[in-house]
Amino acid sequence: LVSGLPAGAMLDAGTFRGNGTWSLTAAEAASVHLLPPRDFAGTIALSVTAVSQERHGGSQATTSASYAVQVGAAVDAPRVGGLDGTSGDWGTASGTEDQPIALNLGPGLADRDGSEHLVGDILIGNVPAGAVLRLGDGSIVTAGADGLHRIAVAQRAGVTLTMPADSDVAAT
């Protein structure tokens, strides 16, 4: 009997008994694998109970032990922002003419356990001539020699794009 599996975890053998508990035959226990929940990193504290029984319904003996399983983090590719902040689907952002349009540069990280974070810069290209890209503190982001605007990940909150004055042109 194996218990203490968190929600979303499972074993690749045995019978699920509910509430994070699985029963296994001796043959299954010899080669079972733990499948942790999606995007999980950390320790899973299991309780393993072995039962032996005399033949033909004789007496039983049980022994239990704690078994800690350390699950390492696996880095997932980020899906930079998007209109919902996580999907990477930018769709269409819109705003009022001559007013700043908020850009959601959220990282779109899949793990929610804090094991992942962004590093480096966010690169933005194809900013129309005359448009102004600003950080949350109001400072202007200028393009480098390669035409890309670089925003440090620590400064990604509050970034806006203001299209050229009196522009009604869409930008992608």
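Data block above holds the structure.
Residues numbered from 1 in each chain as written. Predicted model: local features only at pLDDT ≥ 70, side-chain atom pairs only at ≥ 80, totals over all residues. Heavy atoms only, no water.

1. Considerations on a negative patch on the surface
Part 1 of the reasoning: Together, Glu97, Asp98, Asp166 and Asp168 give the surface a local cluster of negative charge.
Part 2 of the reasoning: Residue position: aspartate 168 is located in the segment after β13 (160-162). (Patch = residues over 30% accessible without salt bridge, like charges linked within 9 Å, V, L, I, M, F, W, Y side chains within 5 Å. Areas by Shrake-Rupley, 256 points an atom, 1.4 Å probe, with all protein chains shown as cover. Salt bridge = Lys/Arg side-chain N within 4 Å of Asp/Glu carboxyl O. Lys, Arg positive; Asp, Glu negative; His and termini not counted. Charge placed at Lys NZ, Arg CZ, Asp CG, Glu CD. Helix = DSSP H or I, 4+ residues; strand = E, 2+ residues; numbered from the N terminus.)

2. Focus on the sheet that holds β13
Part 1 of the reasoning: A sheet is described by the order of its strands in space; here four strands give the open sequence β8-β13-β10-β11, paired in antiparallel fashion. Two strands in the sheet have a free side with no partner beyond their single neighbour: β8 (101-102) and β11 (140-141).
Part 2 of the reasoning: With three bridges joining them, strand β10 (residues 132-134) and β13 adopt antiparallel strand pairing. Bridging across to β13, valine 132 finds its partner in threonine 162. (Pairing = 2+ DSSP bridges.)

3. Regarding the environment of leucine 34
Part 1 of the reasoning: Turning to its location among the elements, leucine 34 is positioned in strand β5 (residues 34-35).
Part 2 of the reasoning: Residues leucine 34 and methionine 10, 24 residues apart in the sequence, show an inter-C-alpha distance of 6.1 Å.
Part 3 of the reasoning: Non-local contacts of leucine 34, meaning those with residues more than four positions away in its chain, are made with Leu5, Ala9, Met10, Leu11, Ile44 and Val69. (Contact = heavy atoms within 4.5 Å.)

4. Observations regarding the pairing of strand β3 (residues 15-18)
Part 1 of the reasoning: One ladder, built from three bridges, connects β3 with strand β4 (residues 21-23); its direction is antiparallel. Among the inter-strand pairings, threonine 15 is bridged to a residue of β4, identified as serine 23.
Part 2 of the reasoning: Following β3, the chain reverses through two residues before pairing antiparallel with β4; asparagine 19 in that reversal takes a positive phi of roughly 50 degrees.

5. Some remarks on the side chain of threonine 21
Part 1 of the reasoning: Within the secondary structure, threonine 21 sits in strand β4.
Part 2 of the reasoning: The class for threonine 21 is buried, based on a relative accessible area of 16%.
Part 3 of the reasoning: Sequence-distant contacts of threonine 21, defined by excluding residues within four places in its chain, comprise Leu1, Val2, Ser3, Thr15 and Phe16. (Buried < 20%, exposed > 50% of the residue type's maximum accessible area, 1.4 Å probe, protein only.)

6. Notes on the pattern of salt bridges
Part 1 of the reasoning: Under the criterion given, the structure shown has two salt bridges.
Part 2 of the reasoning: The salt bridge involving aspartate 39 is made with arginine 38; its shortest N-O contact spans 3.8 Å.
Part 3 of the reasoning: Note on arginine 38: relative accessible area 76%, which makes it exposed.
Part 4 of the reasoning: Taking the shortest distance from any N to any O, the salt bridge between arginine 150 and aspartate 146 comes out at 2.7 Å.
Part 5 of the reasoning: Accessibility expressed as a relative area gives 40% for arginine 150, which makes it partly exposed.

7. Quick word on the nonpolar core
Part 1 of the reasoning: Formed by 13 residues in total, the largest nonpolar core has its most connected members in Leu103, Leu105, Ile124, Leu133, Ile151, Val159 and Leu161.
Part 2 of the reasoning: In terms of nonpolar packing, the next biggest core, distinct from the first, is built from nine residues, Leu11, Trp22, Ile44 and Val69 among them. (Core = buried A, V, L, I, M, F, W, Y, C linked by side-chain atoms within 4.5 Å.)

8. Some remarks on the pairing of strand β7 (residues 60-71)
Part 1 of the reasoning: Across twelve bridges, the pairing between strand β6 (residues 42-53) and β7 is antiparallel. Residue pairing across strands places leucine 46 opposite tyrosine 67, the latter belonging to β7.
Part 2 of the reasoning: Here β6 folds back onto β7, and the loop between the two strands holds six residues, one of which, histidine 56, carries a positive phi near 60 degrees.

9. With respect to the layout of surface pockets
If a probe the size of a water molecule is rolled over the atoms, the empty space left behind becomes visible.
Part 1 of the reasoning: Looking at the second largest pocket, its volume works out to about 240 Å³.
Part 2 of the reasoning: Looking at the lining of the second largest pocket, the elements with two or more residues in it are α1 (26-29) and β6.
Part 3 of the reasoning: Here the lining of the second largest pocket gets four residues from one element, more than from any other, and that element is β6.
Part 4 of the reasoning: Of the residues in the lining of the second largest pocket, the class split is nine nonpolar, two polar and no charged. (1 Å grid on protein atoms, 1.4 Å probe; cavity = no way out; pocket = protein on both sides within 12 Å on 5 of 7 lines; lining within 4 Å. Points joined across faces, edges and corners; volume = space filled by probe spheres on them. Nonpolar A, V, L, I, M, F, W, Y, C, P; charged D, E, K, R; others polar.)

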